[in-house]
Amino acid sequence: MAALMKVFSTLRNHWKKSTFFAVASSYGIYYLHDRYRANLLRTEFCKEAQLYGKQLATFATERPRKVTVFLNPAAKKGKAKKLFDKNAAPLLNLAGIEVEIIKTEYEGHAKDKASELETTDAIVVAGGDGTVGEVITGLLRRDDEKTLSSKWPLAVIPIGTSNTLAKMLYTDAESEVRWMCNAAMSVIRGLTKPVDVMAIKDEEGREVFAVCGLDWGAFRDANEKMPKYWYFGPLKKKLTYIFHALGRGWPSSVTAHISYRQPMPDPEPEIVETPSILWRWFSWIWISKAQLEEEAARKAQEEKEKEEAIPWYDLDVSTQELLIKTDNIQDTNKDLSSLNLITKPNDITRKNFIKEGWNRTSKKKDGTPTILPTESLEFGELKLEPVKAEGQESWFDLDNEKFEAMPIHIKLLRKKLYFYTNQPMTSKET
């Protein structure tokens, strides 16, 4: 009893040290427990990957797949390589997959390397939305881009700051280790799903590609400032919207002239019958190369005339937020995929702006909530011309990457690429 009283007396006399020790001990126990659970998860996934590797080894004539990994070492505050080596690389190796790693060294490096890539069976992007966008742009600028959708499926190891596409492709985003392991296992299992792509071209003909969407307006501008409030810790997300609403630039609305076309069904694939031997001999003798080229040009002209016959509609927009989203990141079973123009009112009060911002940062699992009225328009092709005062700066976010606001032409490329996934496909994706 005396010993127990002595302990209580010591704790009371040194309460600051005792409190610090208690907090440090609790954190240490939680950290060790978290690491233990993470290692159990990795072991579980390694066993599954090893089974695939053994199955591959039983067929000696079958060549292991080669996967090219675009790794952004700067992602996740410089921890990207360590995370990839710890969670994804062991699974790919155990499954008998040959792995080639390309480390990006500067902005645009992934784009350059993707445009030069020669031989691989699949592409894995270990990074965030910016690295994914660079790889996709590099691939779709190639001369052979029309064959890439079936030739090189892609996967994303979510180790970036923003991983918008990965949230759609892989389950269990709440657990970082399980999320990355699920992404790596999707490559091993081989299940893919088609993904729509946005082609964005400026007035000078430069083209970039995105798979999620475009953000423009007050909420995008507020989010850009969020990192500089790091010293507020967990309160920085909420304070960001307060500071923006009370700032000198309020209300920060955006204005644009828009021309758009409604989404149209893709043309039916042409059924080509195999000609008989007699017809091939006749064609070889009597049909010249010039005639074949003339026929190809005639068909191309017909397709062009059909496209030009689709009417354009004009629209002037003034709003505090303009979004253009693909169906990739929305839970939709539409028969005909489209792009979606979403606008918020132009008269949002400071109070409602703050409430909407706080609502978006809440940890809800049913997507980004909204408390504001929303107008939506489906389209297949769009021309966006920002209206800005002289000297005014304004910026888009394309898949969370910053681009200067300028006149652009956006077109939907349906099912342009295939991505590995562990999510079941919807009826429209089959």
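Residues numbered from 1 in each chain as written. Predicted model: local features only at pLDDT ≥ 70, side-chain atom pairs only at ≥ 80, totals over all residues. Heavy atoms only, no water.

(A) Region of the structure containing the pairing of strand 10 (residues 321-325). Burial runs high along strand 10: five of the five residues are buried. Residues Glu321, Leu323 and Lys325 line one face of strand 10 and the alternating positions Leu322 and Ile324 line the opposite face, and both faces are buried. Note that strand 7 (residues 213-217) and strand 10 share five bridges and pair antiparallel. When the sheet's bridge partners are listed, Gly217 is paired in strand 10 with Glu321. In this structure, strand 10 lies alongside strand 11 (residues 339-343), joined through four bridges in antiparallel fashion. What sits directly across from Ile324, in strand 11, is Leu341. (Buried < 20%, exposed > 50% of the residue type's maximum accessible area, 1.4 Å probe, protein only. Helix = DSSP H or I, 4+ residues; strand = E, 2+ residues; numbered from the N terminus. Pairing = 2+ DSSP bridges.)

(B) Structural context of the packing of helix 11 (residues 218-225) against helix 12 (residues 236-245). Relative orientation of the contacting elements helix 11 and helix 12 amounts to 120°, with a least axis distance of 9 Å. Taken together, the axis directions place helix 11 and helix 12 in an arrangement best described as oblique. Relative to helix 12, the crossing made by helix 11 is right-handed. Contacts between helix 11 and helix 12 involve Ala218, Phe219, Asp221, Ala222, Asn223 and Lys225 on the former and, on the latter, Thr240, Tyr241 and His244. When its residues are assigned to classes, the contact of helix 11 with helix 12 shows four nonpolar, three polar and two charged. (Axes fitted to C-alpha atoms, helices over the stretch in contact; angles between N-to-C directions. Parallel < 35°, antiparallel > 145°, perpendicular 65-115°, else oblique. Left-handed = near helix turned anticlockwise from the far one by under 90°. Contact = heavy atoms within 4.5 Å. Nonpolar A, V, L, I, M, F, W, Y, C, P; charged D, E, K, R; others polar.)

(C) Region of the structure containing the pattern of salt bridges. The tally for this structure, following the rule as stated, stands at 18 salt bridges. Here the salt bridges share partners, and the residues they tie into one network are Arg220, Asp221, Glu224, Asp397 and Lys402. (Salt bridge = Lys/Arg side-chain N within 4 Å of Asp/Glu carboxyl O.)

(D) Representation of the nonpolar core in the model. One finds Phe84, Ile123, Val135, Ile157, Ile159, Leu165 and Phe419 to be the most contacted residues of the largest nonpolar core, which totals 62 residues. Take this core: its biggest share by element is nine residues, from helix 10 (residues 176-189). Leave out the neighbours within four places in its chain, and Ile123 touches Thr68, Phe70, Leu117, Val135, Leu139, Trp152, Pro153, Leu154 and Ala155. (Core = buried A, V, L, I, M, F, W, Y, C linked by side-chain atoms within 4.5 Å.)

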